[in-house]
Each structure stands twice: as C-alpha cells, then as structure tokens.
Amino acid sequence: MRADRLVAALLFLQTRQRVTAAELAAELDVSERTARRDLEALASSGIPVYSQAGQGGGWSLVGGARTDLTGLTAPEIRALFLLTGPETNADPRTRTALRKLVRALPATLREGAEAAARAGVSDGTDWAGAETEEARLAPLQRAVVDAREVRIGYARPGREPRERTVQPLGIAAKSGVRYLVAGTEHGLRTFRIGRVTSVTETGAPAVRPEGFDLPTAWRALAARMEGRMVAATVRGRAAPGTESVLEGLLGGRIRYGDRAADDWTPFEADGPSPEVVAAQLAGLGARVELLDPPEARTALARIGAELSLLYGQSTPPDSDTPEAPPRAPGSAVTPPG
C-alpha cells in the first residue's frame, strides 16, 4: 500500500544523510522507478525532500527534517496502520494510541494511512461463534510485557484441559501459528496459543532467566520441535491428481520422485512416526499406497479394519431404514426428488 511505503521511505531518509533511488528501492523491495516516484511524491506533498544530481548526488531531507515517527521501524508502522480503526477488537488504550500515531503523520499522508488502517478486520470468534485464540492472545501479551506470572489452561489434542503456572517470556509466530514461549518447572516450553483455554494472573512477577533472548530461545525450541516432526520417513506412491491433496496434508514434508509408467508418483513423507503419517493419509483410501516401513502399512491396515468393522453394515445400528440394494461399481446414483 503506497501510504505506508511513503512513510517507510521517509523513515529511511531520516536515517541517512543522502540516499539514491537505487538504495531506497533495495530497502523497500520495489523497482528503482517506483522508489523515484515515491521520493518525488514526498517532495510534492510539502515534505522538505530535495534531490541533487551528479556524482555523489541523491535525495536528502532539508536540514535533517524529522517527523514524530522517529524510533519506529517501517514494518512496525505498517502493522499498526493495519490494526488501527473502528473495526479492530483491540482494547481502548491501544485504539487511542494507534489513532494518535496516525494523526502524527504529515497531513498529506494521513488520508492514505487511515485507509490502510481500515484495510483489515479481526474477528475473535470462529464460524460456530466460539472464541478463538484472539481472546487469549491479548492477556498473554500483557503478561509478557508486564512480566507477570500466569496460570493457563492448556488442552493438548484429544485430552482434557490442564492448568499449569508459567513465566511468560515472549510470543512467537511460525507459519501463521502463534506460540507462547514460557518458563516452566521443566525449563523453557512452547504453548500453542490456539490450545490455551484460560489465562489468569497469579499476582506474582514472572521470573525471567538472566540473559534471556527470545529469538535465540525460539530458534532452539523450534529446532527441537522440527526434529520431532520429521523423526520418521515413509515411502509410498500416489494416484494421478492426488499431489495437491498430499501437499495440503503434509506441506513441505513431502518429496516426489519421477512419475512411473502407470502414472502413479512415488513420494517420501516425513512425520513424527510412521503411524502418524499413516493416520494423516488414511482418508485418501486407495489413492495412496504406503510401501514402507512396515509399521506404516500395519497402521493403515488397522485403521481400515476399524473403519470396516464400524461402517461395514449398510445401515447404522437400531436404524429402521431398509438396506439399499447393492450398486454396480461406477453406476450413477439418482438424487432424491
């Protein structure tokens, strides 16, 4: 969006005595022509930006002119613009602070900034009307910033929520999924925020390890998690047209070989265990055949047997619906009505 790009250009000018259009283009990841147009737009909007031609020339702010936005980076400003506005579900203090920031912009850029602020909306409920992780994110962020110990309810998949006391140290995001990084009685741990069911401050200050650095800690924790995610490799083959479904299920954990003469494609897939990969692929039925290790094939056979036992009869137990006659493979089904 051009408004936040112009702000980014202005901030870049403030950090340098003189910049060229090429330098600005590299900073903003745009073409040199676009960068030059942005600089000209700043100059024409009344901001004291001027250019000097020739060797050693470039663009400068007259007298080192500055705005009230000094100290914020361009990505921070873009994020704030997208959060502000009446549509956001941020708390009132946050909304007030963000709107003050928008008003601090030069008047000629304010309209574009407000448009950027209106470009997003955050809904704290899912389609069923239940609260999502947004409701847990705000109190966890406050606990991190205020260094307050919290007691959280946490529900692992397939288990009842369990409460535990933690020391909030930071919020990390990976591929759109947010995690709380916290100290526990067992050392540093990560908690997927979408699985947090409750957040309550204990009233005690959080204990922050000496020398703690969130990026360094997150890299170590992420490496450990990624190691568990790819602990096993399964080999198999997929029917034509199945690749996109496999990629949706496994993401970057799948690798393909060359398509065979029968049009099936060999693949390798990584996962926490052969059984977990087998369970992820079970819904594809006969469109995927796992070849090894044997544990993966055994897991699929067990899943198939369980499903056959449960659904092998044509009608549910205690149903009065008469059993439908068998249908020839490939024959059409006439819809009711």
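All of the points below concern the structure found in this document.

How each quantity is defined
- Residues numbered from 1 in each chain as written.
- Predicted model: local features only at pLDDT ≥ 70, side-chain atom pairs only at ≥ 80, totals over all residues.
- Heavy atoms only, no water.
- Pairing = 2+ DSSP bridges.
- Helix = DSSP H or I, 4+ residues; strand = E, 2+ residues; numbered from the N terminus.
- Axes fitted to C-alpha atoms, helices over the stretch in contact; angles between N-to-C directions.
- Buried < 20%, exposed > 50% of the residue type's maximum accessible area, 1.4 Å probe, protein only.

**As for the sheet that holds strand β5 (residues 177-184)**
Spatial ordering of the open sheet is given by β6-β5-β4-β3-β7, a layout of five strands whose pairing is antiparallel. Each of the sheet's edge strands pairs with one partner strand only, and the pair in question is β6 (187-192) and β7 (196-205). Sheet twist, expressed as the mean angle between neighbouring strand axes with direction ignored, is 45 degrees. Across six bridges, the pairing between β5 and β6 is antiparallel. When the sheet's bridge partners are listed, Thr184 is paired in β6 with Gly187.

**Here we look at unusual backbone geometry**
Only a minority of non-glycine residues have a phi that is not negative, and only a minority of peptide bonds are not trans. Backbone torsion omega between Asp292 and Pro293 reads 5 degrees, so that peptide bond is classified as cis. Looking at the secondary structure, you find Pro293 in the loop between β11 (288-292) and α11 (294-311). With phi around 60 degrees, Asp29 is a residue other than glycine that occupies positive phi space. One can find Asp29 in the loop between α2 (21-28) and α3 (32-44). In this structure Asp29 comes out as exposed when scored by relative accessible area, which is 69%. Positioned with a positive phi, Asp263 is a non-glycine residue whose angle comes to about 75 degrees. You can see Asp263 is positioned in the loop between β9 (254-256) and β10 (265-271).

In short, shape yes, function no, at least from these values alone.
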